[in-house]
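As a plain string of letters, each chain reads:
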Amino acid sequence: MGPKKNLLSHKKNLFLSFLTISLISCSALGQWWYDRLDIYLANYFFKYADFSNEQKSYVRSVTKDYLEWNSSSEIPKYRNLIIKIRDLDTTTTTEDIERIFEEGESLFEASNNFFTPHIVSFCKTVTEKQVEEVNLFFEKRIEGWRESLKESKDKSQEESITESVQRLAKFLGVKLNDKQLKTIGDLAKEIKEEDTSSIDRQNIWNKELITILKGRDSQNFNTLLTDHLNSLLDFEQRGNREVVYHKIIATTIASLNEAQRKKYERRLNVFVTSLDKIIKNHN
């Protein structure tokens, strides 16, 4: 598998992580948070460069349309996905987790398809100065990731992954026991990919994007940029990291005892109830 395909799978996982955080946030804060989703998305985009008022107006219009589309078309799908996660039990297998990720990927694909033509249109309006600002933003972010990785070198990969799963479980109301934490650490040892590889692939993708933006006056610009953005839909696995993550999640959920499972289900029911309110208010 080439570096580009590896990176695309990494980008997919980043989006799924963002999607998960978004769902959790809107569920936790309810209608207030969700009704401002378009504003948060627009403000996040504005961090990339100093855009003109006209460009900002276009972005705000697109994110507002996204909120309307998302509330009517996608939120019910998010709700159904959370219910499937809630209903996982002691029989949970890696295949069950893979199917859930596939549903998440389909949600990613829908949002990607919504934004891609708007991004292509917007990028035709960027200036050379703005392209350089975007490039600088990318470089600083990559540098920040590399520095963070250096700072975490005192921890092994198994320790880092175990702590991440432990934090997620705690958020879901579950305190993992020593046996569960040891199992997670043991499984994490199966990951063969180097820590720096995902950052390197991200950097490659960023540079390819900047090259395309610099050629925005070319006749094939629309096709090149569309293909580059749609390449995010390539869900081929990178190394064995994704397989091991699925295995860790499945094993951990299947190992929950009765008390842990009740807290897990109760927490996810809170999310479902909040999404029900959002669906009702947007109908």
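Figured I'd write up the structure that's included with this text. (Residues numbered from 1 in each chain as written. Predicted model: local features only at pLDDT ≥ 70, side-chain atom pairs only at ≥ 80, totals over all residues. Heavy atoms only, no water.)

**Notes on the overall build of the chain**
What counts is decided by this rule: A run of H or I in DSSP becomes a helix once it reaches four residues, and a run of E becomes a strand once it reaches two; helices and strands are each numbered from the N terminus. Relative accessibility thresholds used throughout: buried, under 20% of the residue-type maximum; exposed, over 50%; partly exposed, between the two (1.4 Å probe, protein chains only). Contacts are residue-level and defined by heavy atoms, with any inter-residue pair within 4.5 Å sufficient.
Tallying secondary structure elements over the chain gives twelve helices and zero strands in all. Secondary structure of the chain in N-to-C order comes out as α-α-α-α-α-α-α-α-α-α-α-α. Residues classed as buried in the chain amount to 43% of the 283 residues present. For the chain, the share of sequence-separated contacts (at least 6 apart) that also reach a separation of at least 24 residues comes to 84%.

**What to know about the environment of Gln202**
The condition is simple: Counting of polar contacts relies on pairs of N or O atoms within 3.5 Å, with two restrictions inside protein: one atom must be capable of donating a hydrogen and the other of accepting it, and residues adjacent in sequence are counted only when both atoms are side-chain atoms.
Within the secondary structure, Gln202 is located in helix 9 (residues 197–214). Under the relative-accessibility criterion, Gln202 is labelled buried at 1%. Along the backbone, Gln202 and Phe138 are 64 residues apart, and their C-alpha atoms lie at a distance of 9.4 Å. A distance of 2.9 Å separates a polar atom in the side chain of Gln202 from a polar atom in the side chain of Asn206.

**Describing the packing of aromatic side chains**
Stated formally: Two rings belonging to Phe, Tyr or Trp (six-membered ring only in the last case) form a pair when the distance between their centres is within 6.5 Å. Interplanar angles under 30 degrees mark stacking, angles over 60 mark edge-to-face geometry, and anything in between is tilted. Only when the NZ atom of a Lys or the CZ atom of an Arg is both within 6 Å of the ring centre and within 35 degrees of the ring normal do we say a charge sits over the ring.
A full pass over the atoms with the stated rule returns 15 aromatic pairs. On the numbers, 5.4 Å between centres and 85° between planes, the contact of Phe114 with Phe115 is edge-to-face. Feature note: the residues Tyr44, Phe45, Tyr48, Phe51, Tyr58, Phe122, Phe137 and Phe138 constitute an aromatic cluster, connected by ring pairs. Cation over ring: Lys56 sits above Phe46, and NZ or CZ is 5.6 Å from the ring centre. It is Arg267 that lies over the ring of Phe171; its NZ or CZ is 4.6 Å from the centre.

**Some details on the side chain of Thr116**
For Thr116, the position within the fold is in helix 5 (residues 94–123). On the basis of relative accessible area, Thr116 is assigned to the buried category, the value being 5%. A distance of 2.7 Å separates a polar atom in the side chain of Thr116 from the backbone oxygen of Asn112. Not counting residues up to four positions away in its chain, the partners in contact with Thr116 are Thr226, Leu229 and Asn230.

**Details of helix 7 (residues 157–171)**
Formally: Between the first and last residue of a helix there are one fewer steps than residues, each counted as 1.5 Å, and that sum is the expected span. Think of it as the arc spanned by the lines of direction from the helix axis to the C-beta atoms.
Taking 1.5 Å per residue, 15 residues should reach 21 Å; helix 7 reaches 21 Å between its end C-alpha atoms and fits that length. All of the buried residues along helix 7 are Gln157, Ile161, Thr162, Val165 and Ala169. Each buried residue of helix 7 lies within a common arc of 125° when the element is viewed along its axis, so the set occupies one face. For helix 7, exposure combined with an orientation more than 90 degrees from the buried face picks out Arg167 and Lys170. Looking at the buried positions of helix 7, the neighbouring elements they touch are helix 8 (178–188) and helix 11 (241–254).

**Description of the pattern of salt bridges**
Heads up, the rule is: For this document, the term salt bridge refers to a Lys or Arg side-chain nitrogen within 4 Å of an Asp or Glu carboxyl oxygen.
Under the definition given, this model contains 13 salt bridges. With a closest N to O distance of 2.4 Å, Arg79 and Asp276 form a salt bridge. Linking Arg79 in helix 4 (residues 53–86) with Asp276 in helix 12 (residues 258–281), this pair joins segments that are 197 residues apart in sequence. In this structure Arg79 comes out as partly exposed when scored by relative accessible area, which is 23%. The class of Asp276 is partly exposed, set by a relative accessible area of 32%. Of the charged contacts, one joins Arg99 and Asp96 as a salt bridge, the two residues approaching to 2.4 Å between their closest N and O atoms. Separated by three residues within a single helix, Arg99 and Asp96 lie in helix 5, roughly one turn from each other. Given a relative accessible area of 47%, Arg99 falls into the partly exposed group. Several salt bridges share partner residues, and in doing so they unite Lys182, Asp186 and Lys189 into one network.

Read these as geometric descriptors, not functional statements.
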